[in-house]
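# Summary of structural features
Listed below, chain by chain, are the residues.
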Amino acid sequence: MTRHLKTNNAIRNIAIIAHVDHGKTTLVDAMFRQSGTFREGQEVAERLMDSMDLERERGITIAAKNCAVTWRNTKINIIDTPGHADFGGEVERALSMANGAILLVDASEGPLPQTRFVLSKALAAKLAIIVVINKIDRPDARTQEVVNEVYDLLIDLDATEEQLEFPLLYAIGRDGIAKRSLEEESASLVPLLDTIIDEIPGPQYDETAPFQMLVSDYGYSDYLGRLAIGRIINGRVSCNDALVCIGEGGVPKALRVTKLQSYAGAQYRDVDSAEAGDIIILSGIEDVKIGDTICNRDQPKALPRITVDEPTVSIKIAQNDSPFAGREGKFVQSSKIRERLLKETLRNVSIQVEECTDRTSFIVKGRGEFQLAILIETMRREGYEICVGRPQVIYKDKDGIQQEPIEHLSIDCEEAYLGVVMEKLSSRKGRMTNLANHGSGRVRVDFNVPSRALIGYRDEFLTDTKGTGIMNSSFAGYDDYRGDFPSRHTGSLVSDRQGETVAYALFHLEPRGRMFVTPGMPVYTGLIFGEHNREEDLFCNPCKTKKLTNMRASGKDENVILTPVIPLSLEQALQFIRHDEMVEVTPRSIRLRKAVLSAK
């Protein structure tokens, strides 16, 4: 049976892929402005697509999001993808909607590990690629070298001849300028928008096939309930059509479309019908998962589900059982925590949740510690109170040999710090694979390291390089277990009683190590209030006051000046703790504690 494939030339579906901070979201802003999406004088926020609070604070994209612009009477659906490898599930989900990809590379930094990760996914999906070298106005830009590095990367990833003949553009995303050559004069993104229309193929569909749509994302509306988002692979759909949803079990569930919407800018727009190739939002379906197929009731036929790389890191999330439980959070019960984690697995295809035998704790598996930290931070802001264990890598067994996840690590630091970085990573079983010195005073080094070596190393790395080093990693696969190495050479200062910390006690404990608390903070037995200089833990009393004697009053003596305390962020806390320790996370506090509180 021959398939009659036709192309819908009125639509282009394109994903923007890049490493963190190479300017994806800023470029999308400029495309909005120049395609006439906003009316004259309309006030628009910067980095419009970064709609989550955490994305705005950190300046990174966490969730893939869709938008659309119109150019030369053609609708361009744009999918803004995250650049961080920990959110790889978002990238795979987003690429299932695209026919082409814009690869954005910084003119100074060149292709980094995440560029490699997202590009390998785009090539595997056989997408047409446009390469844009961004930030060519940087004083340290080395544009031509970066172009050569992109070619090297594509060859390394086994790109086909057609994929190697990509259109190349140069851009200053912040100013909204793109040009076909460095010499060309340009003041707009017209060359880029034209290249998208000319070089990216329109979506193909089988004109004889019934309606089929793959669910790649979903949203929620207070008025319409669950929204299923995805690309129409074949056929047409109209409002009030009788359809079915085919899930993992392959059993069709009936549904009726109550409302049909498509993208206009970053907003939704109501439409009466939609054709093959367009990305649409369907309402009227309650029980839907990412990867399901929505199709015609008379001819139900499932599409291949979205496949996602398996998780490499797990973390234990438990109900808070400290003496301060329930003081600061809105949701404390394990049933509420379970409900929230299961809701996350629906929205996030790369996260898995397993319930422990005690029914009050859960093992959450994901792509990396950063992805899990973002989930915990989001729950914390929603009012949840939880205890979190140390991130652990997920081992595999192959022919009786233990295997562990390995990362491809890229480090950019000043020459003076290269020695200490190499020493630390080699002690953590890392192997150097490449070293490049561009003569600018900075060096680029690539390593092949076990994933567990990076848990807790990021803070050390920043200290070692005086905050000037840049470190990026991406998952490189599984390899034989490389042996044990120490993760932390210091112990913990643990409180042996409940009370409030006193400046007098902290001042006399300062020679023992670094403090995490300030005077007047409540503590309980088993709470970690500092880092001990030596390897073993030290149980002591941070609430000790100065006693009254017959010579002087207890409050009258020398002025106590304490070293200022920098509060730990959630990521720092997760990286600091050992296997017998936990982080107590509440909407107002981050506390470190022993898993078993009593010293006895």
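Our subject in this report is the structure included herewith.

Reading the values: rules and limits
- Residues numbered from 1 in each chain as written.
- Predicted model: local features only at pLDDT ≥ 70, side-chain atom pairs only at ≥ 80, totals over all residues.
- Heavy atoms only, no water.
- Helix = DSSP H or I, 4+ residues; strand = E, 2+ residues; numbered from the N terminus.
- Buried < 20%, exposed > 50% of the residue type's maximum accessible area, 1.4 Å probe, protein only.
- Contact = heavy atoms within 4.5 Å.
- Lys, Arg positive; Asp, Glu negative; His and termini not counted.
- Charge placed at Lys NZ, Arg CZ, Asp CG, Glu CD.
- Salt bridge = Lys/Arg side-chain N within 4 Å of Asp/Glu carboxyl O.
- Pairing = 2+ DSSP bridges.
- Right-handed = clockwise from strand over helix to strand, strands pointing away.
- Phe/Tyr/Trp six-rings, centres within 6.5 Å; stacked < 30°, edge-to-face > 60°.
- Axes fitted to C-alpha atoms, helices over the stretch in contact; angles between N-to-C directions.
- Parallel < 35°, antiparallel > 145°, perpendicular 65-115°, else oblique.
- Left-handed = near helix turned anticlockwise from the far one by under 90°.
- Expected span 1.5 Å × (residues − 1).

## Regarding the overall build of the protein
Helix and strand content of the protein: 14 helices and 37 strands. Sorting the 600 residues of the protein into buried and exposed places 54% on the buried side. Long-range contacts, defined here as pairs at least 24 residues apart, represent 71% of the contacts in the protein between residues at least 6 apart. Separation between the mean location of the 75 positive side-chain charges and that of the 87 negative ones in the protein comes to 6 Å.

## A short note on the pattern of salt bridges
Across all of its chains, the model carries 39 salt bridges by this definition. The partner of D198 in a salt bridge is R72, with the nearest N and O atoms 2.8 Å apart. Taken as a pair, D198 in helix 7 (residues 190-199) and R72 in the loop between strand 3 (65-71) and strand 4 (74-80) lie far apart in primary sequence, 126 residues in all. Of the residues examined, R72 reaches a relative accessible area of 46% and is grouped as partly exposed. Between R174 and D175 there is a salt bridge; the shortest N-O distance is 3.7 Å. Taking the relative accessible area as the measure of exposure, D175 reaches 44% and is therefore partly exposed.

## Concerning the pairing of strand 6 (residues 128-134)
Here strand 6 lies mainly inside the structure; 6 of its 7 residues are buried. Across 7 bridges, the pairing between strand 5 (residues 100-106) and strand 6 is parallel. Each bridged residue has a counterpart across the sheet, and for A101 the counterpart in strand 6 is I129. Between the parallel pair strand 5 and strand 6, the chain is carried across by helix 4 (residues 113-124), and the sense of this crossover is right-handed. The sheet contact formed by strand 6 and strand 7 (residues 168-172) spans 3 bridges and is parallel. Pairing of V131 across the sheet is with L168, part of strand 7.

## Focus: the packing of aromatic side chains
This structure, assessed with the given rule, holds 8 aromatic pairs. Arranged with centres 4.9 Å apart and planes meeting at 90 degrees, the rings of F324 and Y524 form a pair that is edge-to-face. Taken as a pair, F324 in the loop between strand 20 (313-319) and helix 8 (334-347) and Y524 in the loop between strand 33 (522-523) and strand 34 (527-532) lie far apart in primary sequence, 200 residues in all. Like Y524, F324 is buried. Taking 6.0 Å as the distance between ring centres and 50 degrees as the angle between the ring planes, the aromatic pair formed by Y457 and F461 counts as tilted. Pair noted here: Y457 and F461 are both in helix 12 (residues 457-464), with a separation of 4 residues, about one helical turn. Classification of F461 by relative accessible area gives buried; the value is 2%.

## Some words on the packing of helix 10 (residues 418-427) against helix 12
Relative to each other, helix 10 and helix 12 sit at 160 degrees, their axes nearing to 10 Å. Between helix 10 and helix 12, the angle falls in the class roughly antiparallel. By crossing handedness, the relation of helix 10 to helix 12 is classed as right-handed. Every residue of helix 12 that contacts helix 10 at V420, V421, K424 and L425 is listed here: Y457, E460, F461 and D464.

## Regarding helix 4
Between the first and last C-alpha of helix 4 there are 17 Å, a value that for 12 residues agrees with the 16 Å anticipated at 1.5 Å per step. Burial analysis of helix 4 places 9 of its 12 residues in the buried class, which makes it a mostly covered element. Those residues of helix 4 lying buried are P113, Q114, T115, F117, V118, L119, K121, A122 and L123. Of the residues trailing helix 4, K126 is marked for its positive phi of about 55 degrees.

## Notes on the side chain of R452
Mapped onto the fold, R452 is located in helix 11 (residues 451-454). For R452, a relative accessible area of 13% puts it in the buried group. Those residues in contact with R452, other than ones at most four positions away along the chain, are V393, Y395, E404, Y481, R482, G483, D484 and F485.

## Considerations on the sheet that holds strand 7
An order of 3-4-2-5-6-7-8 is seen for the 7 strands of this open sheet, with the pairing classed as mixed. Here the strands that pair on one side only, and so sit at the sheet edges, are strand 3 and strand 8 (177-179). Averaged over all neighbouring strand pairs, the angle between strand axes comes to 30 degrees, with direction disregarded. The pairing of strand 7 with strand 8 spans 3 bridges and is antiparallel.

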